[in-house]
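Coordinates in review
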Amino acid sequence: MVRLEELVNQNYHRLNENDLLIWRYIQSHKKECQNIAIEDLAHKCCISRTTISRFTQKLSFRGFREFKVHLQMEYAREKVDSDNLVDEVCENYIQCIKTAKSMDMSEICEHIYKARRLFAFGTGESQRAAVGLLKRLFLNVKRFFITVHGKSEIDMAIEDLGPEDFAMIISLSGETDLAVESAKKLKAKGVYTVSITRLSENSLARICDQNLYITASYLMNVSGILVETTGMYFNVIEILGARYIAYLNDKEVLS
């Protein structure tokens, strides 16, 4: 089942300010909106029923009723006992792996196979570690990812890329200036781009040609500082690596 956040990303170019207002309210009140009447949602968002119906249709639903059924199913799947953090983390890992496994990655694999050059960078420590895994995995199938760190190195690498190249950007929020601005530059140069981010409506995912997602859990350390699990990056990248090997086997490239 495609997540609502992913549908918003895919159809973002079709959404206007009223649509985004509706989405922000629903995103912040998912439990309430599972059973809300369209008249009540219209009142809360200060817009018309027709505007809400059109918003759901832009996301590929026949109407608000079908949208609500999808929201109920998604909420039920996400519902985890918050009193048991171990169960929540494990459930998110399972969900992330299932989502990655069910995704059609053939287009991404084809672009990796055909690209003149492969480029990747991450916006934080965990993301850079994930890029390192990506590089090591694809060396085994004779595809070399150029990996750089820091704005100056990234800008220099982007200057030399073009339509025959491939770029992957790994970010948690998908909103860091470096990730978003780099993605815009890459798109302007015609580079095929793939993002890996937290499953959410975010700027980086909207810009890139294809999106892979992780479902992170919040952990709290002894100082009371919230951090998010990031090991799912490695799961997604390993599944991509397995998909690529299957792609090569289908092409009979591997003996």
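Source: prediction; values computed, not measured. (Residues numbered from 1 in each chain as written. Predicted model: local features only at pLDDT ≥ 70, side-chain atom pairs only at ≥ 80, totals over all residues. Heavy atoms only, no water.)

**A word on the sheet that holds strand 5 (residues 210–214)**
Under the convention used in this document: Only strands joined by at least two bridges in the DSSP assignment are considered to pair. Per the convention used, a helix needs a DSSP run of H or I reaching at least four residues, while a strand needs a run of E reaching at least two, with both numbered from the N terminus. With axes taken as lines fitted to C-alpha atoms, and helix axes fitted only over the stretch in contact, angles between N-to-C directions fall between 0 and 180 degrees.
The parallel open sheet is built from 5 strands, whose spatial order is 2-1-3-4-5. In the strand order of this sheet, the two ends are held by strand 2 (145–147) and strand 5, each with one partner. Across this sheet, the average inter-strand angle for adjacent strands is 20°, counted without regard to direction. Relative to strand 3 (residues 166–170), strand 1 (residues 118–122) runs parallel, the two sharing 5 bridges. Its bridge partner being in strand 3, Leu118 is matched across the sheet by Phe166.

**Some remarks on the pairing of strand 5**
Note the cut-off: We call a residue buried when its accessible area falls under 20% of the maximum for its residue type, exposed when it is over 50%, and partly exposed in between, using a 1.4 Å probe and counting protein chains only.
The buried fraction of strand 5 amounts to 5 of the 5 residues, a majority that puts the element mostly inside the structure. Burial along strand 5 is two-sided: the face carrying Gln210, Leu212 and Ile214 and the face carrying Asn211 and Tyr213 are both buried. Two strands pair when backbone bridges link them, and strand 4 (residues 192–198) and strand 5 are joined in this way by 5 bridges, in the parallel orientation. Within the sheet, the bridge partner assigned to Thr197 lies in strand 5 and is Tyr213.

**Some points on the packing of aromatic side chains**
The following threshold applies: Here a Phe, Tyr or Trp ring, Trp counted by its six-membered ring, pairs with any other such ring whose centre lies within 6.5 Å, and the pair is stacked when the planes are under 30 degrees apart, edge-to-face when over 60, and tilted otherwise. By the criterion adopted, a ring carries a charge over it if an Arg CZ or a Lys NZ lies within 6 Å of its centre and within 35 degrees of its normal.
All chains considered together, the criterion is met by 10 aromatic pairs. Look at Phe55 and Phe67: their rings are 6.0 Å apart centre to centre, the planes differ by 65°, and that puts the pair in the edge-to-face class. Taken together, the residues span a long stretch of sequence, with Phe55 in helix 5 (residues 49–58) and Phe67 in helix 6 (residues 64–78) at a distance of 12 residues. Like Phe67, Phe55 is buried. Ring centres of Phe138 and Phe145 lie 5.5 Å apart, and the angle between their planes is 70°; on these two criteria the pair is classed as edge-to-face. Note on accessibility: Phe138 and Phe145 belong to one class, buried. One aromatic cluster is present, built from ring pairs that chain together Tyr113, Phe138, Phe145, Phe166, Tyr192, Tyr244 and Tyr247. Across from the ring centre of Tyr12, 3.6 Å away, lies the NZ or CZ of Arg206, which sits over that ring.

**Here's the deal with the confidence of the model for the chain**
We apply this condition: Note: pLDDT gives the predictor's confidence per residue, expressed from 0 to 100.
For the chain, the mean per-residue pLDDT works out to 88, and 91% of the residues sit at or above 70. Of all helices and strands in the chain, the one with the weakest mean pLDDT is strand 6 (residues 218–220) (60), whereas strand 3 scores best (97).

**Some thoughts on the side chain of Lys30**
Inclusion rule: Here a polar contact means two N or O atoms within 3.5 Å. Within protein one must be a hydrogen donor candidate and the other an acceptor candidate, and residues neighboring in sequence count only if both atoms are side-chain atoms.
The topology assignment puts Lys30 in helix 3 (residues 30–33). In this structure Lys30 comes out as buried when scored by relative accessible area, which is 12%. Reaching out from Lys30, the side chain makes a polar contact with the side chain of Glu74 at a distance of 3.4 Å.

**With respect to the pairing of strand 1**
Convention followed: By convention, orient the strands away from the viewer: a clockwise path from the first strand over the helix to the second makes the crossover right-handed.
By the criterion of burial, strand 1 is predominantly enclosed, with 5 of the 5 residues buried. Covered by surrounding structure in strand 1 are Leu118, Ala120 and Gly122 together with Phe119 and Phe121, the residues of both alternating faces. Bridging between strand 1 and strand 2 involves 3 bridges; their strand directions are parallel. In the sheet register, Ala120 faces strand 2, and the bridge partner there is Thr147. In this fold, the crossover linking strand 1 to strand 2 by way of helix 9 (residues 125–139) has right-handed handedness.

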